[in-house]
Every structure is written in C-alpha cells, then in structure tokens.
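Examining the three-dimensional arrangement
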Amino acid sequence: MQYAKRLRIIAIATSAIVLAAVVVGLMVVGSPSKERAYKRDQQRISNLQEIENDVITYWQAKKKLPEALTDLNDATRGITIPNDPQTNMAYTYTIVDSMKFKLCARFEQSGQGSPNYRFSDDTWNYNAGETCFDRHIDPDFYGPLNGSDMPFPMKPVPVLGY
C-alpha cells in the first residue's frame, strides 16, 4: 500500500513540474498563434519592401509611378507582386504625387518595441490593424535608368569551347 501511495505522489509531482514548465514556456516564448501572427507580419513587411523596390525600379525605367501594383507584374523578368500571406488579398498602393506613394497592409500585432524586431530602420514600424507607409522617390539617389543602367547589369558570359 505504501508503495502505491509513493508512486501516486511521484506521478502528481512530475505532472505538476511538467505543467509548470509548459506554462512558463508559453509565458516566455508566447503562444504558437502569436508566433504565427508575428511571422505573417514579418512576411508583410518583407513583401512591402519588395514592392517598394519594384516601384522604384519601375519609376527609374519609365520615369513615372505605376498606376497600379499589377503594372509591376512581369513574367519575362519573373516578377509577381506578392499578396497578403493570410488573406491572399493585394496590398493597398496609392499614388500621392509624381514622386510619392503609399503602401498599406493590415497587421495582426504591433511591430514597435518587439524584442525580435529585425528591422533597424524605424520607417517600417507598424501597429495592429491597417498601417500605411509613406514613400518618396529621391531622384538624386534613384536616378532614372538609361541605356546601360539596368537594375541588374547583364554581361555576356564567355562560353568555353568544347
């Protein structure tokens, strides 16, 4: 009888320790759903940065902003503008003037002050909900492309004879 009682106490103590470890782990790391939301928000930021770069390249080549994000899609160059990772909806793009535009996305969490915040540039800080980022093309920095100025210069590769 004593042996069974001892086993029961050990089982209860072990269960309590395991439960405490799980609770502490969730408090430190956060819930799996919060981590998934964080990763989706980081993907949104990455997508918006990619779109910003594509808008600038478009402006450099055509000396005007695209009318819509779909104007940036280019099968020849393999460019497809990404959509929101959760809803698969397009991000919002608005032309403000000939050199300014806005990119907007709906975030699940706030990205300000997060301990895992990976972007040192505070221009990508965001709050939960709809957040817009004002962007300005500086023509002194991003001059228009001309003939040989391609975003990714292509040089002929010599083919070694066989």
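Criteria and cut-off values
Here the residue numbers are simple positions, counted from 1 along each chain's written sequence. Residues qualify for local features only when their pLDDT is at least 70, as the model is predicted, and side-chain atom pairs are given and counted only at 80 or more; totals for whole chains, interfaces and linings, by contrast, use all residues. Think of the side-chain values as coming from all heavy atoms in the structure, minus any hydrogens and water. Secondary structure elements are defined from DSSP: runs of H or I of at least 4 residues count as helices, runs of E of at least 2 residues count as strands, and each element is numbered from the N terminus. Here, two residues are considered to be in contact whenever any of their heavy atoms come within 4.5 Å of each other. What pLDDT expresses is the predictor's confidence in each residue, scored from 0 to 100. Burial here depends on accessible area, computed with a 1.4 Å probe over protein chains only, as a share of the maximum for the residue type. Under 20% is buried, over 50% is exposed, and the range in between is partly exposed. The charge count includes Lys and Arg as positive and Asp and Glu as negative, but it does not include His or the ends of the chains. The salt bridge criterion pairs a side-chain nitrogen of Lys or Arg with a carboxyl oxygen of Asp or Glu, the two atoms within 4 Å. Within 6.5 Å between ring centres, the rings of Phe, Tyr and Trp (the latter by its six-membered ring) count as paired, and their orientation is classed by plane angle as stacked under 30 degrees, edge-to-face over 60, tilted in between. Whether two strands pair comes down to DSSP finding at least two bridges between them.

Bringing the overall build of the protein into the picture now. Within the protein, the regular secondary structure consists of 2 helices and 3 strands. Mapped in sequence order, the helices and strands of the protein form the string α-α-β-β-β. Contacts spanning at least 24 positions in sequence make up 62% of the contacts within the protein whose residues lie at least 6 apart.

With that settled, consider the confidence of the model for the protein. Confidence along the protein averages 82 in pLDDT terms, with 79% of residues attaining 70 or more. Across residues 113–120, confidence stays below pLDDT 50; counting only partners more than four residues off in sequence or on other chains, it has 12 contacts. Across residues 153–158, where pLDDT falls below 50, the model places 0 contacts with residues more than four positions away in sequence or in other chains.

Within the fold, Asp54 resides in helix α2 (residues 32–62). Despite being buried, Asp54 has no salt bridge partner; Arg77 is the closest side chain of opposite charge, sitting 6.2 Å away.

Quick look at the packing of aromatic side chains now. Two aromatic rings are characterised by how far apart their centres lie and by the angle between their planes. Inspection of the entire model under this criterion finds 5 aromatic pairs. Measuring from centroid to centroid gives 6.2 Å for Phe107 and Phe133, while their planes differ by 90°, and the two rings are edge-to-face. Of this pair, Phe107 sits in strand β2 (residues 100–107) while Phe133 sits in strand β3 (residues 129–136), and the two are 26 residues apart along the sequence. An aromatic cluster is present here, built from Phe107, Trp124, Tyr126 and Phe133 joined pairwise through their rings.

A few words now on the pairing of β2. Bridge count for strand β1 (residues 92–97) against β2 is 5 bridges, and the pairing is antiparallel. Along β2, the bridge assignment pairs Tyr93 with Leu103. By the bridge criterion, 8 bridges tie β2 to β3 in an arrangement that is antiparallel. From the neighbouring strand, Ala105 faces β3, where its bridge partner is Thr131.

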